[in-house]
Amino acid sequence: MAQNVGNKNAEAMFHLVDAVERVNFPGNEAEQIATDGDSYIKTVAKRFFKNKVAVVSLVIFIILVLTAVFANQIAPHPRDASVGRFQAAPYDNFYLGTDDIGRDVLSRLIHGTQVSMIVGLGSVMVYVIIGTTLGLVSGYFGGFVDSVIMRITEAFMSFPFFMVILTLVSLLGSGLWVVTIVLGVLSWPPLCRLVRGQVLTLKKQDFVLAAVATGYSTPGILFIHILPNVLSPILVNATFGIATAILTEASLSFLGVGVQRPRPSWGNILSEAQSLRVLAYEPWRWIPAGILIFVAVLAINFIGDGLRQAIEGENKA
Amino acid sequence: MRWEGKPLVAEAEKKAIVEISELKQYFNAGKKNEVRAVKDVSFSIYEGETFGLVGESGSGKSTTGRALIKLGDITGGQISYKGQDINDIKRRKDLLTFRKSMQMIFQDPYASLNPRLTVKEIIGGALKVHGMTQNSKERTKRVYELLESVGLNRQFANRYPSEFSGGQCQRVGIARALAVEPDFIICDEAISALDVSIQAQVVNLLKELKEQNNLTYLFIAHDLSMVKYISDRIGVMNSGRVLEVCEADELYIAPLHPYTESLLSAIPTPDPEAERKRVRTEYDPKYHHYDDHSNVGLHEIAPEHFIYCHKDEIALYKKKREKLLRQAKQQYA
């Protein structure tokens, strides 16, 4: 049958292009374009390691973690034993002096690292699991489920955080694990909202629709297709979360409702400075603990900043 | 020109694989911000053919495609696939069978691939979901085969989508769709985002794959010349309605609906002389004066040629068709 003129031209064009391309690119089109290339993680890591402050901070953090793990081997004296003079300034191998019953301050600080790391990492683990799951579900399903989860989140966020922790800790009894879990259970709402926001934009993307069309089950879509795309903001949030948890534990222990003596934590060592005599005349008993909290929190915050910059660099590129 | 070596499905063996009748898809239904994306869409797609769906942006083409592949619940009307109403597919087992049989290729080649998964995970995932391979070794082998069948190197399997060009990404998307060995593929503007030389490659690839795998296509596009090149029959859509459905050749010779005429007049020609003389026909929906919509709908003007019009207009369109056919005969005699 006869053909329309404009259409004939278009077809001719396609055959021409087809012929040209057969000459120029036998086999694969533009194979040369994709020869070098790194995975996402590699690119982010490269950018992170260019940031000197972040790298130094990471080294400090790793040292702290190792100190916590090998506290028993590193500490020069036993944790709770009265081994030296009472209230002595640094002497001999008591590098940071002793406290009022003759325990080595340095050894207690080293063991205190354990507490900070357990609380920091443990509570973050708890809240990342809760916050991520609720955020994914809330964002993906929307509607009624979303409303319910968001109202719960708002309720949690409108409590005076510290008061609730104080109440819970005094009700449940104080101790390392109670503090860790209470902190974890109370800190998830900001992360939940963050994840939900990301999922709201991600679920409309073609690759999620493609996953639905492929036949993935809902958990499959959430955990195989959506979760990997929200991991980076979660990681950044979690890093800052560690710092917050360490600070909160120190504050609680300082107030006497956190980790209980004789188990040392940076917070309860610092709390000895509540006595005026210690504050004024025995600075070796509290200044090192203060410095450690300061350094640890600062280092972790720098790591978080470094991570965020490395990841955001990806988005800009 | 038709698919080389394969004529249009013979009249006798025409069997509808997809039947859409009076499809309605409203978003935010009943609320203030209600959007009526699809108001009244009816057409069938025969087994083994390529059905082109064209129309301007926002005419509801993609929404129709998405409704067809069950990416959401429809507001009204009926869609049946292989004789089964897709609304009745509820159980996971039935849904999986449906998903295995119908696949989709998306417009944006980058956005349709998960940036955090490798090509192997993307294609292998589809195989895994449908239990088409027993172990990971077998899966890897199949992924390599699929990559090669769409003209990609098997070394690409361990790369991420960001490392590819648009055309390569689209080939990965095609490989993913083919992985589950479907019977029917929706190409939702599958080539619009690619540049012209790559478009030709991908269209030719789609044509080859169709012949090899006995596929049926729904080809959604706004580029009329491309649609003409690939389709057996064409449906023209505007503002949520199918206005004209007929065989591809006939649409170009005897465009009956004023909107189709307008669309055809908008095709740019590569010839500068002709381009200077080309007159663009505007389409104004008010032209119809359909005050009472009761007798307005898709009416068959000639065999396999449907127009969305008022009952009284049928005779008018019949005359117009005869006139246009006569003119064409004289012109090319």
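Residues numbered from 1 in each chain as written. Chains lettered and ligands numbered in written order. Predicted model: local features only at pLDDT ≥ 70, side-chain atom pairs only at ≥ 80, totals over all residues. Heavy atoms only, no water.

What follows covers the overall build of chain A. For chain A, the helix and strand inventory stands at 14 helices and zero strands. In chain A, the order of α-helices and β-strands from amino to carboxyl end is α-α-α-α-α-α-α-α-α-α-α-α-α-α. By sequence separation, contacts in chain A at least 24 residues apart represent 69% of the contacts at least 6 residues apart. Summed over its atoms, the accessible surface of chain A is roughly 15,200 Å², and 68% of this surface lies on carbon and sulfur atoms. (Helix = DSSP H or I, 4+ residues; strand = E, 2+ residues; numbered from the N terminus. Contact = heavy atoms within 4.5 Å. Areas by Shrake-Rupley, 256 points an atom, 1.4 Å probe, with all protein chains shown as cover.)

Time to look at the packing of aromatic side chains. For the structure on display, the rule yields ten aromatic pairs over all chains. A centroid spacing of 5.1 Å and a plane angle of 55° characterise the contact between F156 of chain A and W188 of chain A, whose relative ring orientation is tilted. With F156 of chain A in helix α6 (residues 143-158) and W188 of chain A in helix α9 (residues 188-202), the pair connects residues that are 32 residues apart, well separated along the chain. A centroid spacing of 4.6 Å and a plane angle of 10° characterise the contact between F43 of chain B and F51 of chain B, whose relative ring orientation is stacked. Owing to a relative accessible area of 5%, F43 of chain B belongs among the buried residues under this scheme. Across from the ring centre of Y91 of chain A, 3.9 Å away, lies the NZ or CZ of R85 of chain A, which sits over that ring. Its end group placed over the ring of Y252 of chain B, K228 of chain B keeps NZ or CZ at 5.5 Å from the ring centre. (Phe/Tyr/Trp six-rings, centres within 6.5 Å; stacked < 30°, edge-to-face > 60°. Buried < 20%, exposed > 50% of the residue type's maximum accessible area, 1.4 Å probe, protein only. Lys NZ or Arg CZ within 6 Å of the ring centre and 35° of its normal.)

The feature "domain: ABC transporter" (unreviewed entry), as annotated in UniProt, sits at residues 18-264 of chain B in this numbering. For residues 18-264 of chain B, helix accounts for 38% and strand for 26%, while the C-alpha atoms at its two ends are 27 Å apart. (UniProt positions renumbered as here; feature names shortened; annotations may be inferred.)

So, on to the nonpolar core. In this structure, I123, I174 and F219 of chain B are the most contacted members of the largest nonpolar core, which totals 68 residues. Ranked by size, the runner-up nonpolar core spans 52 residues in total, among them L109, W188, I242 and I311 of chain A. (Core = buried A, V, L, I, M, F, W, Y, C linked by side-chain atoms within 4.5 Å.)

The next point concerns the UniProt feature "transmembrane region" (unreviewed entry) in chain A. All names here are of chain A. Per the UniProt entry, the sites bearing "transmembrane region" (unreviewed entry) are residues 53-71, 118-141, 161-186, 207-228, 234-257 and 286-304 in this numbering. Overall, residues 53-71 shows 95% helix and 0% strand. The separation of its end C-alpha atoms is 26 Å. Along residues 207-228 one finds 86% helix and 0% strand; the C-alpha atoms at either end are 13 Å apart.

Time to look at helix α9 (residues 258-265) of chain B. Burial analysis of α9 of chain B places seven of its eight residues in the buried class, which makes it a mostly covered element. Looking at α9 of chain B, one finds that the buried residues are P258, Y259, T260, S262, L263, L264 and S265 of chain B.

Residue and element names in this part refer to chain A. Secondary-structure assignment places T153 in helix α6. With relative accessibility at 0%, the residue T153 sits in the buried group. Separated by 19 residues in sequence, T153 and L134 have C-alpha atoms that sit 9.6 Å apart. Filtering out sequence-adjacent residues up to four positions away, T153 remains in contact with W188, P189, C192 and R193.

A separate point is helix α10 (residues 206-214) of chain A. Where burial is concerned, most of α10 of chain A is hidden: nine out of the nine residues are buried. G215 of chain A sits one or two residues past α10 of chain A and shows a positive phi near 115°.

Once that is clear, we can look at the UniProt feature "domain: ABC transmembrane type-1" (unreviewed entry) in chain A. The feature "domain: ABC transmembrane type-1" (unreviewed entry), as given by UniProt, occupies residues 113-304 of chain A in the numbering adopted here. Secondary structure over residues 113-304 of chain A splits into 82% helix and 0% strand, and the C-alpha atoms at its two ends are 20 Å apart.

With that settled, the discussion passes to the environment of L176 of chain A. All names here are of chain A. One can find L176 in helix α8 (residues 176-186). For the pair L176 and F302, spaced 126 residues apart in the sequence, the C-alpha separation amounts to 26 Å. Aside from chain neighbours lying at most four places away, what touches L176 is V115, I118, V119, V259 and R263.

Our focus in this paragraph is the confidence of the model for chain A. Averaged over every residue, the pLDDT of chain A is 84; residues scoring 70 or more account for 86%. Predicted confidence is poor over residues 16-37 of chain A, with pLDDT under 50, and the contacts of this stretch with residues over four places away or in other chains come to 28 contacts. (pLDDT = per-residue confidence, 0-100.)

Mapped onto the elements of the fold, Q212 of chain B is located in helix α6 (residues 196-213). For the pair Q212 of chain B and T140 of chain B, spaced 72 residues apart in sequence, the C-alpha to C-alpha distance is 22 Å.

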